[in-house]
Amino acid sequence: MMPYVNEFDTPECKTLAETAKKSIRTPESLGLDRCIQCGACTASCPAARFTDYSPRQIVKKVLENDRSVLGSEMIWSCFYCYSCNVRCPRNNSPVTIVQVLRQMAINEGIGVEKLAYFLEIGEYLAENGASKVPGAGIKNMERDLGERWIGMKRNLEPIRSELGLSARDVRNTHGEVQAILESTGYFEREKWIKARIQEKGIHGFLKTNCTENKKNSGDFGFESDREYTGQQALTV
Amino acid sequence: MVGQEYPGVETATRYVFDRLGVDYYINDEQSCCTGIGHYTDIFEGLTTTAIAARNFAVARRCGYPNITCLCSTCYAINKEACEVLNTNDEVREKVNSIFRERGFDDLVYEKGDMNPRTNFYHAVEILLSKVGKIREEKKFDFSGVKAAAHHACHYYKVKYLDVVGNPENPQLIDTIAAACGAAPVRWYEDRTLTCGMGFSQLHLNKNTSLQVTKTKLDSLQRAGVELMIHMCPNCHIQYDRYQPVIEKEFGVEYDMVHMNIAQFVALSMGADPYKVCGFQTHSVPLEGFLEKTGII
């Protein structure tokens, strides 16, 4: 169990539902108890369309206080696109509940290997006050995007200067961001996560897919939609 | 993310704001909101909220308390953090105790210092509010350009009650593009589907991520769209950088090019495609489009 449990994301409560409702990741007005299992969330979900992910089932497990959901690979498939958040007729928000579940899983050391990719975001933010694609992502993107992209990345400083911007996107935060990250316990938590990843000794995780791909076509469209060439906008 | 991948979005926004008479100030003391860290699950809510509280103080201190974002995730993160700071006394006290302990008394946030509904805007809302002037300032007419809008999820699906228009079918980009003379496609299949980036999904479940993006690009291709206009650097990366990857991996071909709405408005006002819009950092080459429309 993580010694630096973030009490605001995952407040300790008797049930998963209570934790989800109290967490600062979910809206104050969260309609979790009002869920009628209508499935509007799953019907609007991009992950449900292409994988076996189901926000409706996740909400059901939370309401049943079934803690096995924390170990489910499913919770790592959400896109955080908030389609379920906007479409829920009961003001529930599966997308923010999943964020709480992931934090609870991380507290127990579950799924930490999935964070390895992104860990340097914190250090980069502390140092430069800005964000960038993390290092491991750069390597992946370089492989995918090839010479044109990496050439642009190498050439970014003169390009920015030509546009009249500072050569590098570095912010003048007077060390305050670094200090904030120290004081909230961010770095301690990061260190704990790094140690768990090492313990698990996971290598090559980047090459594997996290979810079973159902080979769904993802095709929700009606036959007539496929022929639909789009209609001009009515603008104001 | 704008600064690292598409710096032309920033310069195009400045160019357009200057011509529209928007009174703005770019403060390099503002840090990244770290939405990228928050939504890849490595930042917890307390840190994200504290970073936001610092940025709010910076904005108030320089006399420009209305924060306008070029990225939809920054927009949502800031609004949510503001709401937490106003409603959750425990979190606000914790954040303030950190500031005091570090001697950052000027960063302390008092309840109600910012209003989540009126202090936060996305640049596209500013452009929409000046759409009449955009029409007047038009130096270059995009008549007949078939354009499609992708409104960013974190603009209209997170704090959906604050959206300008209907969150089930936002029309901000369409309205602005039409003012520049373009012919926006009102509805195309999967218009409200995410771009597919999904924060960690692009890196952890790349196959699914690209399938989502492909679904959207397929639909645009069927609708005969030649220009896709977006409002968020993450969507921009997903569409512009990954369109060639999808073409290669799935054996398909697409005819559309991509740009941010500010870049499109800047072009319409006569801005240089490279010195202002920064198209040299794009992955899908825009030369064909620029030649066809007579810009170069």
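Keep in mind it's a predicted model, so treat the numbers as computed, not measured.

Overview of the overall build of chain A
Move 1: Secondary structure summary: chain A contains 12 helices and 1 strand in total.
Move 2: Secondary structure elements of chain A occur, N-terminal to C-terminal, as α-α-α-α-α-α-α-α-α-α-α-α-β.
Move 3: Of all 236 residues assigned to chain A, the portion counted as buried reaches 43%.
Move 4: Taking the contacts inside chain A whose residues are at least 6 apart along the sequence as the reference set, 67% of them involve residues at least 24 apart.

Topic: the overall build of chain B
Move 1: When helices and strands are tallied, chain B shows 15 helices and 6 strands.
Move 2: Computed over its C-alpha atoms, the radius of gyration of chain B comes to 20 Å, within 12% of the 19 Å expected for a compact globule of 296 residues.
Move 3: Principal-axis analysis of the C-alpha atoms gives chain B an extent of 60 × 45 × 35 Å.
Move 4: Counting every position in chain B, which comprises 296 residues, the buried fraction comes to 61%.
Move 5: Considering only residue pairs separated by 6 or more positions, chain B has 77% of its internal contacts joining residues 24 or more positions apart.

Regarding the interface of chain A and chain B
Move 1: Taken together, the contact between chain A and chain B spans 75 residues of the former and 75 residues of the latter.
Move 2: Elements that contribute at least two residues to the side of chain A that touches chain B include exactly α3 (46–50), α5 (83–87), α6 (94–107), α7 (120–128), α8 (135–154), α9 (156–162), α10 (176–183) and β1 (231–232) of chain A.
Move 3: Looking at the side of chain A that touches chain B, its residues break down into 35 nonpolar, 26 polar and 14 charged.

Notes on the domain arrangement of chain B
All names here are of chain B.
Move 1: Here the domain parsing of chain B yields domain 1 (23–121) and domain 2 (132–292).
Move 2: Between the C-alpha centres of domain 1 and domain 2 there is a distance of 29 Å.
Move 3: With 9 residues of domain 1 at the contact, the number on the domain 2 side is 12 residues.
Move 4: Of the residues assigned to the side of domain 1 that touches domain 2, the class counts are 4 nonpolar, 3 polar and 2 charged.

Quick word on the pairing of strand β6 (residues 257–260) of chain B
All names here are of chain B.
Move 1: Residue alternation in β6 divides its side chains into two sets, V257 and M259 and H258 and N260, and both sets are buried.
Move 2: Bridging between strand β5 (residues 227–230) and β6 involves 4 bridges; their strand directions are parallel. In the strand pairing of β6, H230 is matched with N260.
Move 3: In this fold, β5 hands off to helix α13 (residues 233–250), which returns the chain to β6; that crossover is right-handed.

Some remarks on the domain arrangement of chain A
Move 1: Split by domain assignment, chain A resolves into domain 1 (16–109) and domain 2 (115–206).
Move 2: One C-alpha centre belongs to domain 1 of chain A, the other to domain 2 of chain A, and the line joining them spans 28 Å.

Notes on α7(A)
Move 1: All of the buried residues in α7(A) are I121(A), G122(A), L125(A) and A126(A). Taken down its axis, α7(A) places every buried residue within 130° of arc, on the same side.
Move 2: Where α7(A) is buried, its residues touch α10 and α11 (186–200) of chain A together with α3 (35–38) of chain B.
Move 3: Phi turns positive, to about 70°, at G129(A), one or two residues after α7(A).

Let's talk about the nonpolar core
Move 1: In this structure, A53(B), I176(B), A177(B), I229(B), I261(B), V265(B) and A266(B) are the most contacted members of the largest nonpolar core, which totals 155 residues.
Move 2: Ranked by the residues each element gives to this core, the list is headed by helix α4 (residues 45–61) of chain B, at 9 residues.

Re unusual backbone geometry
Move 1: For Y82(A), which is not glycine, the phi torsion reads 70° and is therefore positive.
Move 2: Within the secondary structure, Y82(A) sits in the loop between α4 (55–63) and α5.
Move 3: With 24 C-beta atoms packed within 10 Å, Y82(A) lands in the buried category.
Move 4: The backbone of D41(B) sits at a positive phi, close to 70°, despite the residue not being glycine.
Move 5: In this structure, D41(B) sits in the loop between α3 and α4.
Move 6: Note on D41(B): 24 C-beta atoms within 10 Å, which makes it buried.

What to know about the pairing of strand β3 (residues 146–150) of chain B
All names here are of chain B.
Move 1: Most of β3 sits out of view: 4 of its 5 residues are buried.
Move 2: As judged from the 2 bridges shared by β3 and strand β4 (residues 183–187), these two strands associate in the parallel manner. Bridged to A147 within β4 is P184.
Move 3: By the bridge criterion, 4 bridges tie β3 to β5 in an arrangement that is parallel. Bridged to A149 within β5 is I229.

Parameters at a glance
Residue positions are given per chain, counted from 1 along the sequence in the order it is written. Labels follow written order: the first chain is A, the first ligand is 1, and so on. Selection of residues for local features in this predicted model requires a pLDDT of at least 70, selection of side-chain atom pairs for listing and counting requires 80 or more, and totals for whole chains, interfaces and linings are taken over all residues. Where helices and strands are cited, they refer to DSSP runs of H or I of at least four residues and of E of at least two residues respectively, numbered from the N terminus. The exposure scheme places C-beta atoms from the backbone and then counts, for each residue, the other C-beta atoms within 10 Å of its own, assigning buried at 20 or more, exposed at 12 or fewer, and partly exposed in between. Residues are treated as contacting if the C-beta atoms built from their backbones sit within 7 Å of each other. Note that the radius of gyration is over C-alpha atoms, with the globule rule given as 2.2 Å times the number of residues to the power 0.38. Think of it as three bins: nonpolar holds Ala, Val, Leu, Ile, Met, Phe, Trp, Tyr, Cys and Pro, charged holds Asp, Glu, Lys and Arg, and polar takes everything else, Gly as well. Note that the domain bounds reflect an automated or database-derived domain assignment. Strand pairing is defined by DSSP finding a minimum of two bridges between the two strands. Handedness of a crossover: with both strands directed away from the viewer, a clockwise path from the first strand across the helix to the second marks it as right-handed. This arc corresponds to the set of directions leading from the helix axis out to the C-beta atoms. By our criterion, buried Ala, Val, Leu, Ile, Met, Phe, Trp, Tyr and Cys residues that link up through C-beta atoms within 7 Å make up a nonpolar core.

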